[in-house]
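So you can see what is in the structure, the chains are spelled out below.
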Amino acid sequence: MPRRLRELQASNRADQQDPHWQRLYASRSGIEGTMNELVNGHQMRRCRHHGVSKAHVQHVLIAIAVNIERLSTQEPAVSTYRPRSPTAFQQYLDENELPRPRWWRQGQWSRNLEIPDRVPHWVIRP
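Residues numbered from 1 in each chain as written. Predicted model: local features only at pLDDT ≥ 70, side-chain atom pairs only at ≥ 80, totals over all residues. Heavy atoms only, no water.

(A) Structural detail: the confidence of the model for the protein chain. The pLDDT averaged across the protein chain works out to 79; a share of 79% of its residues lies at or above 70. Taken element by element, the protein chain is modelled with least confidence in helix H2 (residues 19-42), mean pLDDT 85, and with most confidence in helix H1 (residues 3-15), mean pLDDT 92. (pLDDT = per-residue confidence, 0-100. Helix = DSSP H or I, 4+ residues; strand = E, 2+ residues; numbered from the N terminus.)

(B) Geometry of the packing of aromatic side chains. With the rule as written, the count across this model stands at one aromatic pair. Plain terms: the ring middles of tryptophan 21 and tyrosine 25 are 5.1 Å apart, the flat faces sit at 5 degrees to each other, and that makes the pair stacked. Pair noted here: tryptophan 21 and tyrosine 25 are both in helix H2, with a separation of four residues, about one helical turn. (Phe/Tyr/Trp six-rings, centres within 6.5 Å; stacked < 30°, edge-to-face > 60°.)

(C) Up close: the side chain of glutamine 58. In this fold, glutamine 58 is placed in helix H3 (residues 52-73). Glutamine 58 gets classed as buried once you look at its relative accessible area, which sits at 11%. In contact with glutamine 58, other than residues within four places in its own chain, are Arg46, Cys47, Arg48 and His49. (Buried < 20%, exposed > 50% of the residue type's maximum accessible area, 1.4 Å probe, protein only. Contact = heavy atoms within 4.5 Å.)

(D) Highlighting unusual backbone geometry. At glutamine 43, a residue that is not glycine, the phi angle is positive and equals roughly 50 degrees. Mapped onto the elements of the fold, glutamine 43 is located in the loop between H2 and H3. For glutamine 43, a relative accessible area of 54% gives the class exposed. Although it is not a glycine, glutamate 97 adopts a positive phi angle of roughly 55 degrees. Considering the arrangement of structural elements, one finds glutamate 97 in the segment after helix H4 (88-95). According to the relative accessible area criterion, glutamate 97 is exposed, its value standing at 73%.

Spelled out as structure tokens, the structure:
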């Protein structure tokens, strides 16, 4: 690497140790993540409509959609939700380290899912 670039890189790395620089970069890194989500996840680089006012409406609507999407993934602060305790069948499968597909309750057993011989007859319902 040329001497000038090496010195520039060394001075930049020294500046990065400053707490003021780190505080500024922390806010920038959060914004960059949001911009990346908008550009790559919601095609914000191109507008569907011509004109500043229509582009503004599109950006506001996409921002609202992103906020709703983010809020939907958060659990409420005071939640009364408690997961159900496992059934006897689920406990049996877990204790014997047998596969437990998520859709077993709907009766959609996979054709290629083989039931081992060691499963008692009272566990499997016809």
